[in-house]
Amino acid sequence: MLNHAAVIIAEDETYIAMALQWAVEDAGGTVIGPAATVGDTLALLDDNFVEAAILDVNLADGDITPVVERLIAIGAQIIFQTGTGLPPELAARFPGLNVQMKPYNPERLVEQLGEMLRVKQTHAALIR
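Just so it is clear, the structure is predicted and the values come from calculations on it, not from any experiment. (Residues numbered from 1 in each chain as written. Predicted model: local features only at pLDDT ≥ 70, side-chain atom pairs only at ≥ 80, totals over all residues. Heavy atoms only, no water.)

Q: What exactly am I supposed to notice about the overall build of the protein here?
A: Helix and strand counts for the protein come out as 5 helices and 7 strands. Counting from the amino terminus, the protein carries its helices and strands in the arrangement β-α-β-α-β-β-β-α-β-α-β-α. In terms of overall dimensions, the protein is globule-like: its C-alpha atoms have a radius of gyration of 14 Å, near the 14 Å expected for 128 residues. If you line up the protein on its principal axes, its C-alpha atoms span 40 × 30 × 30 Å. Out of the 128 residues in the protein, the part that is buried amounts to 46%. Long-range pairs, those at least 24 residues apart, make up 66% of the contacts in the protein with a sequence separation of at least 6. Counting every atom, the protein has about 6,600 Å² of accessible surface; 55% of that belongs to carbon and sulfur. Across the protein, the centroid of the 7 positively charged side chains sits 10 Å from that of the 17 negatively charged ones. (Helix = DSSP H or I, 4+ residues; strand = E, 2+ residues; numbered from the N terminus. Rg over C-alpha atoms; globule rule 2.2 N^0.38 Å. Buried < 20%, exposed > 50% of the residue type's maximum accessible area, 1.4 Å probe, protein only. Contact = heavy atoms within 4.5 Å. Areas by Shrake-Rupley, 256 points an atom, 1.4 Å probe, with all protein chains shown as cover. Lys, Arg positive; Asp, Glu negative; His and termini not counted. Charge placed at Lys NZ, Arg CZ, Asp CG, Glu CD.)

Here it is as structure tokens:
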């Protein structure tokens, strides 16, 4: 389903990060991370090609916005998974972001990510 897509996972709850990692790997994706902090996530982005991301909104060291900005700049597909929703300023700045509320099914989240990647690839092929 993910066709070896590189997916970065930013999640500070170990069990959730592991469940997401397994779901991505089971769907044929390559996991970058998981990272538990914004700083670690940015470092991984410095060193790795990333096509998609699953992000927790609330990481231990602060605001996820710098990660979102980097991912949007490179055209990565993003799914947020959160218990609180997006901060209002992030939602206003980037309308239309895919937000899934916890608890969620990791496999379903990865299915959605796979569909987002397929749509992006189809769109790219049509404009060539």
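Q: Where do I start with the environment of I78 in this structure?
A: Looking at the element boundaries, I78 is found in strand 6 (residues 77-82). When the C-alpha positions of I78 and E25 are compared, they lie 17 Å apart, and in sequence the two are 53 residues distant.

Q: Looking at this structure, I do not really get the nonpolar core. What am I missing?
A: Taken as a class, soluble globular proteins show a tendency for nonpolar side chains to be buried jointly. Counting 22 residues, the largest nonpolar core has L55, I64, V67, V68, L71 and F80 as the members making the most contacts within it. Of all elements in the fold, only strand 1 (6-10), helix 2 (38-47), strand 3 (52-56), helix 3 (65-73) and strand 6 reach the threshold of two or more residues within this core. The residues contacting F80, other than those within four sequence positions of it, are L55, V57, I64, V68, L86, L90, L97, N98, V99 and Q100. Of all hydrophobic cores here, the second largest spans 19 residues; its members include A27, A52, Y104 and L113. (Core = buried A, V, L, I, M, F, W, Y, C linked by side-chain atoms within 4.5 Å.)

Q: Before we go on, may I ask you to explain the environment of T37 in this structure?
A: The residue T37 is located in the loop between strand 2 (30-35) and helix 2 in this model. Through-space distance from the C-alpha of T37 to that of I74 is 20 Å; in sequence the pair is 37 residues apart. When neighbours within four sequence positions are excluded, T37 is seen to be in contact with L59 and D61. At a separation of 2.9 Å, a polar atom in the side chain of T37 contacts the main-chain amide nitrogen of D40. (Polar contact = N/O pair within 3.5 Å; in protein donor to acceptor, adjacent residues only side chain to side chain.)

Q: Help me out: how do you make sense of the environment of N48 in this one?
A: Relative to the elements of secondary structure, N48 occurs in the loop between helix 2 and strand 3. A distance of 2.9 Å separates the side chain of N48 from the backbone oxygen of L44, its partner in a polar contact.

Q: Is there a simple way to think about the pattern of salt bridges in this case?
A: Any two side chains of opposite charge can pair, on the condition that their charged atoms come close. The full count for this structure, using the stated rule, is 7 salt bridges. With a shortest N-O distance of 3.6 Å, K102 and E13 are connected by a salt bridge. A residue pair is termed long-range when its members are at least 10 positions apart, and K102 in the loop between strand 7 (98-101) and helix 5 (106-127) and E13 in the loop between strand 1 and helix 1 (14-26) qualify at 89 residues. The exposure class of K102 is partly exposed, given its relative accessible area of 21%. Each of E11, E13, D56 and K102 takes part in salt bridges that share partners, so that together they form one network. (Salt bridge = Lys/Arg side-chain N within 4 Å of Asp/Glu carboxyl O.)

Q: So what exactly am I meant to see when it comes to the pairing of strand 6 here?
A: A regular strand places its side chains on the two faces of the sheet in alternate fashion. With 6 of 6 residues buried, strand 6 lies mostly within the body of the structure. Burial along strand 6 is two-sided: the residues Q77, I79 and Q81 and I78, F80 and T82 are all buried. Alignment of strand 3 against strand 6, held across 5 bridges, turns out to be parallel. Across the sheet, the residue bridging to L55 is F80, located in strand 6. Summarising the sheet, strand 6 and strand 7 pair through 4 bridges and their orientation is parallel. Across the sheet, F80 pairs through a bridge with V99, a residue of strand 7. (Pairing = 2+ DSSP bridges.)

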